Number of protein chains: 2
Amino acid sequence: MKSYAQMSREELSNELEALQKDYQSYVDMHLSLNMARGKPSSEQLDLSRPMLDVINSGSDLIASDGTDARNYGCLDGLPEAKKLMADMMDSKPDDMIIYGNSSLNIMFDQISRSYSFGVMGETPWCKLDQKVKWLCPVPGYDRHFGITEFFGFEMIPVEMSEEGPDMDKVEELVKDPMVKGIWCVPKYSNPGGVVYSDEVVKRLAALNPAAKDFRIYWDNAYCVHHLYDEEVEVLDILKACEAASHPDMVYKFGSTSKISFPGAGIAAMATSQANKEDILSKMTHQTIGHDKINQLRHVRFFKDIDGIKEHMKKHADIIRPKFEAVNAILEEYLGGLEVGEWTHPKGGYFISFTGLDHTAKRIVSLAKEAGVVMTGAGSTYPYKKDPKDSNIRIAPTLPPLEEIQMAAKLFTICVKIASIEVLMK
Amino acid sequence: MKSYAQMSREELSNELEALQKDYQSYVDMHLSLNMARGKPSSEQLDLSRPMLDVINSGSDLIASDGTDARNYGCLDGLPEAKKLMADMMDSKPDDMIIYGNSSLNIMFDQISRSYSFGVMGETPWCKLDQKVKWLCPVPGYDRHFGITEFFGFEMIPVEMSEEGPDMDKVEELVKDPMVKGIWCVPKYSNPGGVVYSDEVVKRLAALNPAAKDFRIYWDNAYCVHHLYDEEVEVLDILKACEAASHPDMVYKFGSTSKISFPGAGIAAMATSQANKEDILSKMTHQTIGHDKINQLRHVRFFKDIDGIKEHMKKHADIIRPKFEAVNAILEEYLGGLEVGEWTHPKGGYFISFTGLDHTAKRIVSLAKEAGVVMTGAGSTYPYKKDPKDSNIRIAPTLPPLEEIQMAAKLFTICVKIASIEVLMK
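Cut-offs applied
Residues numbered from 1 in each chain as written. Chains lettered and ligands numbered in written order. Predicted model: local features only at pLDDT ≥ 70, side-chain atom pairs only at ≥ 80, totals over all residues. Heavy atoms only, no water. Helix = DSSP H or I, 4+ residues; strand = E, 2+ residues; numbered from the N terminus. Rg over C-alpha atoms; globule rule 2.2 N^0.38 Å. Buried < 20%, exposed > 50% of the residue type's maximum accessible area, 1.4 Å probe, protein only. Pairing = 2+ DSSP bridges. Right-handed = clockwise from strand over helix to strand, strands pointing away. Least-squares fit on C-alpha atoms with pLDDT ≥ 70 in both. Domains from an automatic or database assignment. Contact = heavy atoms within 4.5 Å. Buried area = accessible area lost by both parts, 1.4 Å probe. Salt bridge = Lys/Arg side-chain N within 4 Å of Asp/Glu carboxyl O. Nonpolar A, V, L, I, M, F, W, Y, C, P; charged D, E, K, R; others polar. Polar contact = N/O pair within 3.5 Å; in protein donor to acceptor, adjacent residues only side chain to side chain. Core = buried A, V, L, I, M, F, W, Y, C linked by side-chain atoms within 4.5 Å. UniProt positions renumbered as here; feature names shortened; annotations may be inferred. Phe/Tyr/Trp six-rings, centres within 6.5 Å; stacked < 30°, edge-to-face > 60°. Lys, Arg positive; Asp, Glu negative; His and termini not counted. Axes fitted to C-alpha atoms, helices over the stretch in contact; angles between N-to-C directions. 1 Å grid on protein atoms, 1.4 Å probe; cavity = no way out; pocket = protein on both sides within 12 Å on 5 of 7 lines; lining within 4 Å. Points joined across faces, edges and corners; volume = space filled by probe spheres on them.

A count of helices and strands for chain A gives 13 helices and 13 strands. A compact globule built from 425 residues should have a C-alpha radius of gyration of about 22 Å, and chain A, at 23 Å, falls within 12% of that. Over its C-alpha atoms, taken along the principal directions, chain A stretches across nearly 75 × 55 × 35 Å. Across the 425 residues of chain A, 62% fall into the buried class.

Here's what the structure looks like:
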């Protein structure tokens, strides 16, 4: 097969004409499909329905430490919830703070606390004369960038490789005392599916940032979200930071959002004792405690980390075919054309597609006009500005398999059209 | 009976000696009782156990608007939850934002947003050269004062009468553009049990604060928390503000914390459309949505406002005898001695005791040494500074009736001892 680059203008022109007919046939179907958000499907959510039975009117609602889960109190969470989430997040129960239903909310609040009150006695960021700067490995998670943009921080993109963020650049950038943090999704990263290598984790832990209040925001959102039997492991950053004598340099975040229910899970942070003390001393003014009945519900349903792992295999069985179907269709229709590359993740929620320069916006726009919503082009970059306009995040989990297949086929047509348009300019 | 003021020093001295023996007999019992926090008792919490059955593995979890309550999304809450909370909070469903399990958290976050990002385009409070000032009706709720102290605001006490805060003073104080808010607990106030009069509500709504971003923080925590059949009503502040052409001047807060479960209820804000838009535009960076399964659980259990009212009667039946027992004991042991006054609330969670000047700390300390924990003296004032050192908040709901009686008796002995000590100085 000839790649598009090898084709003459006439060949491209003929190809474009044929593609436009194909495209029109999709438009005529009046589709309404969505590959935009990393949401579990209804079938996946059904897996956790039995969780709704483990707490009922007859249940013992006293936690292992005697706390009545129904009443006020217990700022950092029930002991059994700490144990469960610690095992999942590769930490000790003592490291944990259990929160409500959203790890995004924890991250926002952590930045908000740092902004208003400062980290461990350092100047609150809102009182600094200069803008706070934040390192943003790209492509990355749009909602992370959304938080740091909202707070008015200057976001500095750092390129991702197959190993994690470009550590030469990170090491250089943290010499600036205004650099206060870095977003990391260390396993099956959003959207690239990258797994941080041991070397990257160790270099992160060994960082010597100029800012005492620099923190690694370690969003291990997909820690147990494997697509295959292979359980990819990432070196634990908190232990690595301890080993490098920087025990306070990291906040680890996790949740059961894509394990139990995205709307009604539990979320947690793991960090050093000193960080935890700093955080709780401030959090105590914000709330008396989070939902402890839901903490008990999760503990009694999953029982332990093995219960979570078993449960995640059922998720994998549902979503793996969707990932594989997208891959097969991209391979079948785009293979050899040299119009783009895409990732083959072993876990997580996304496939990252990188097309020719200056095609991403056009592809997403074509798909939208034909009734398929993709994540906005540029969303995987700070300020939604993809300098090459080439990256698109594909989220295959939510729609049923047949819809995913149809959406993926349409997507390939859009890729081809946009690519020819660029090549013929 | 002679009041203490009428007694000679010798009579007082004899009385003190007898009291100290009584006191010692309590010390010898090694009590461990708690009248400190406004927490529901275990018996009250049992009332909501059936709520844990209304959502189970077989439940329809699709909300009335088609939202899957299990998944991400729905930033401002499910329509049926808005309806339920709106009816409870005397508002329209459109006014509502449904949050997580804590209205304190909503208030903290609302102040935090105003501090970091400003209210409706006004300068963020953290960027102002001068200190934000906040009006604090006293005595008031310690956790309210805790938030505004934590943010470094200057808290200005405003005396409460039987009608609500001293409105002459409030009207004068809001001429200062640095005054950005006022804490209000309009019904069965914490701790005084005060119900705001129509006139006070109207004068609040008619305020012309110098600060455009001045807001009334209307914490209607006890809106349906009647002790008797009489359902005391308070004029709705949002409607009053609309009528006074100040529709954006108030945030109303409420929760089911003392209706269902303090640890696992739902909380809400009601406010104008313009405020709501301002808030949601910022909240969207903080979270994708709160726990919607718990919203459904509450709606399906209570069904409607009548369900809530019926439920609250059962609460009242449990806690009314405790309030009455405390009152009877205070009357029996302190009546006629002229050593203090106390409130006779028709709802809410507290009795407010006001002793002789310079006795509160001593009373609380005596009680503590005998094994009865009271709310810290001064807690009902900003910076925990009660200028007269005379107010003590009594929280009778948590312990069983017999323990409350014992604690109340001990309390009267402590009051008498502290009063005589002051009178004999």
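From this point on, the discussion continues.
Attention now goes to the pairing of strand β4 (residues 154–161) of chain B. Residues and elements named next belong to chain B. Bridge count for strand β3 (residues 133–138) against β4 is six bridges, and the pairing is parallel. Its bridge partner lying in β4, Lys133 is registered against Glu154. At this point the chain moves from β3, through helix α5 (residues 142–150), to the parallel β4, and the crossover so formed is right-handed. One ladder, built from two bridges, connects β4 with strand β5 (residues 164–165); its direction is antiparallel. Counted as the bridge partner of Met160 is Pro165 from β5. Two successive antiparallel strands, β4 and β5, enclose a turn made up of two residues.

Glancing now at the sheet that holds strand β3 (residues 133–138) of chain A. All names here are of chain A. Pairing in this open sheet of eight strands is mixed, and the strands run β2-β9-β8-β7-β6-β3-β4-β5 from one edge to the other. Both outer strands of the open sheet, β2 (96–98) and β5 (164–165), are each paired with one neighbouring strand and no more. Where β3 lies against strand β6 (residues 179–184), three bridges are found, and the strand directions are parallel. Paired with Trp134 across the bridge in β6 is Gly181.

This part takes up the relation of the copies chain B and chain A. The transform that puts chain B on chain A rotates by 180 degrees and translates by 0.0 Å along the axis, for an RMSD of 0.1 Å. Interpreted geometrically, this transformation is the action of a two-fold axis.

Residues and elements named next belong to chain A. When its domains are assigned, chain A resolves into domain 1 (4–45 + 309–423) and domain 2 (61–303). Each of domain 1 and domain 2 has a C-alpha centre, and the two are 31 Å apart. Contacts between the two partners involve 30 residues from domain 1, matched on the other side by 33 residues from domain 2. Surface buried jointly by domain 1 and domain 2 totals about 2,900 Å² across both partners, of which 62% is contributed by carbon and sulfur atoms. Contact with domain 2 buries surface across domain 1, with Met312, Lys346 and Tyr383 losing the most and accounting together for 22% of the total. Summed over the shared surface of domain 1 and domain 2, the number is four salt bridges. Across the pair Glu231 and Lys309 runs a salt bridge, and its minimum N-O distance is 3.5 Å.

Right, let's get into the interface of chain B and chain A. Tallying the contact residues gives 58 residues for chain B and 58 residues for chain A. Buried surface at the junction of chain B and chain A, both sides included, amounts to about 5,000 Å², of which 52% is carbon and sulfur. At the boundary of chain B and chain A, one finds two salt bridges. The partner of Arg70 of chain B in a salt bridge is Asp46 of chain A, and the shortest N-O contact between them spans 2.7 Å. Looking at the side of chain B that touches chain A, the elements that each hand over two or more residues are α2 (42–46), α4 (103–117), α5 and α10 (292–302) of chain B. Of all the elements, α4 of chain B adds the most residues to the side of chain B that touches chain A, at eight residues. The class makeup of the residues in the side of chain B that touches chain A is 22 nonpolar, 22 polar and 14 charged.

Right, let's talk about the side chain of Asn101 of chain B for a bit. As for its placement among the helices and strands, Asn101 of chain B is situated in the loop between β2 (96–98) and α4. A polar contact is formed between the side chain of Asn101 of chain B and the backbone oxygen of Gly289 of chain A, at a distance of 3.1 Å. Polar side-chain contacts of Asn101 of chain B include one of 2.9 Å to the backbone oxygen of Gly263 of chain B. Those residues within four positions of Asn101 of chain B in sequence are excluded, and the remaining contacts are Gly289, His290 and Asp291 of chain A together with Ser257, Pro262, Gly263, Ala264, Gly265 and Ala267 of chain B.

Residues Ile111, Trp134 and Trp183 of chain A together with Ile111, Trp134 and Trp183 of chain B are the most contacted members of the largest nonpolar core, which totals 70 residues. Not counting residues within four places of it along the chain, the set of residues in contact with Ile111 of chain A comprises Trp125, Trp134, Ile147, Thr148, Phe151, Phe153, Trp183 and Tyr217 of chain A. In terms of nonpolar packing, the next biggest core, distinct from the first, is built from 65 residues, Ala268 of chain A together with Leu78, Ile259 and Ala270 of chain B among them.

The step from Val138 of chain A to Pro139 of chain A runs through a cis peptide bond, and the omega angle for that step is -5 degrees. Inspection of the secondary structure assignment puts Pro139 of chain A in the loop between β3 and α5 (142–150). Residue Pro191 of chain B follows Asn190 of chain B across a cis peptide bond; omega there is 5 degrees. The topology assignment puts Pro191 of chain B in the loop between β6 (179–184) and α7 (198–205). The backbone of Met120 of chain A sits at a positive phi, close to 50 degrees, despite the residue not being glycine.

What follows covers the UniProt feature "coiled-coil region" (unreviewed entry) in chain A. When the UniProt feature table is mapped onto this chain, "coiled-coil region" (unreviewed entry) is found at residues 2–29 of chain A. Taken end to end, residues 2–29 of chain A comprises 68% helix and 0% strand; its first and last C-alpha atoms sit 30 Å apart.

The full count for this structure, using the stated rule, is 44 aromatic pairs over all chains. With a centroid separation of 5.6 Å and 90 degrees between ring planes, the pair formed by Tyr196 of chain A and Trp218 of chain A is classed as edge-to-face. Separated by 22 residues along the polypeptide, Tyr196 of chain A in the loop between β6 and α7 (198–205) and Trp218 of chain A in strand β7 (residues 215–219) bring together distant segments of the chain. Among the residues examined, Trp218 of chain A registers a relative accessible area of 2% and is labelled buried. Centroid distance Trp125 of chain B to Trp134 of chain B: 5.9 Å. Interplanar angle 65 degrees. Geometry classified as edge-to-face. With respect to class, Trp125 of chain B is no different from Trp134 of chain B; both count as buried.

The next point concerns the pairing of strand β13 (residues 391–394) of chain A. Within a regular strand, the side chains alternate between the two sheet faces. Residue and element names in this part refer to chain A. Burial along β13 is two-sided: the residues Asn391 and Arg393 and Ile392 and Ile394 are all buried. Pairing of strand β11 (residues 351–355) with β13 involves four bridges; the strand directions are antiparallel. Following the sheet pairing, Ser352 is matched in β13 by Arg393.

A separate point is the side chain of Lys416 of chain B. All names here are of chain B. Here Lys416 shows up in helix α13 (residues 401–423). It is Glu15 that comes nearest to the buried, bridge-free Lys416 among opposite-charge side chains, at 4.5 Å. Leave out the neighbours within four places in its chain, and Lys416 touches Tyr4, Glu15, Leu19, Tyr333, Leu334 and Leu337.

This brings us to the environment of Met406 of chain A. All names here are of chain A. By the secondary structure assignment, Met406 is in helix α13 (residues 401–423). Taking the C-alpha atoms as reference points, Met406 and Tyr222, separated by 184 residues in sequence, lie 27 Å from one another. Discounting residues that sit within four places of it in the chain, Met406 has contacts with Tyr26, Met29, Leu31 and Leu33.

Here we take up the sheet that holds strand β13 (residues 391–394) of chain B. Residue and element names in this part refer to chain B. Pairing in this open sheet of three strands is antiparallel, and the strands run β10-β11-β13 from one edge to the other. The two strands at the open ends of the sheet, each matched to only one other strand, are β10 (340–342) and β13. Going from strand to strand, the sheet's axes swing by 20 degrees on average, the running direction of each strand aside. Relative to strand β11 (residues 351–355), β10 runs antiparallel, the two being bridged by three bridges. Paired with Glu341 across the strands is Thr354, a residue of β11.

The full count for this structure, using the stated rule, is nine cavities of 30 Å³ or more. Of the voids in this model, the largest cavity is the one considered here, and its volume is about 450 Å³. As for the largest cavity, its lining consists of 30 residues, and the residues nearest its centre are Gly100, Asn105 and His290 of chain A together with Gly100 and His290 of chain B. Those elements that place two or more of their residues in the lining of the largest cavity are α4 (103–117) of chain A together with α4 of chain B. Residues that form the lining of the largest cavity fall into these classes: eight nonpolar, 18 polar and four charged.

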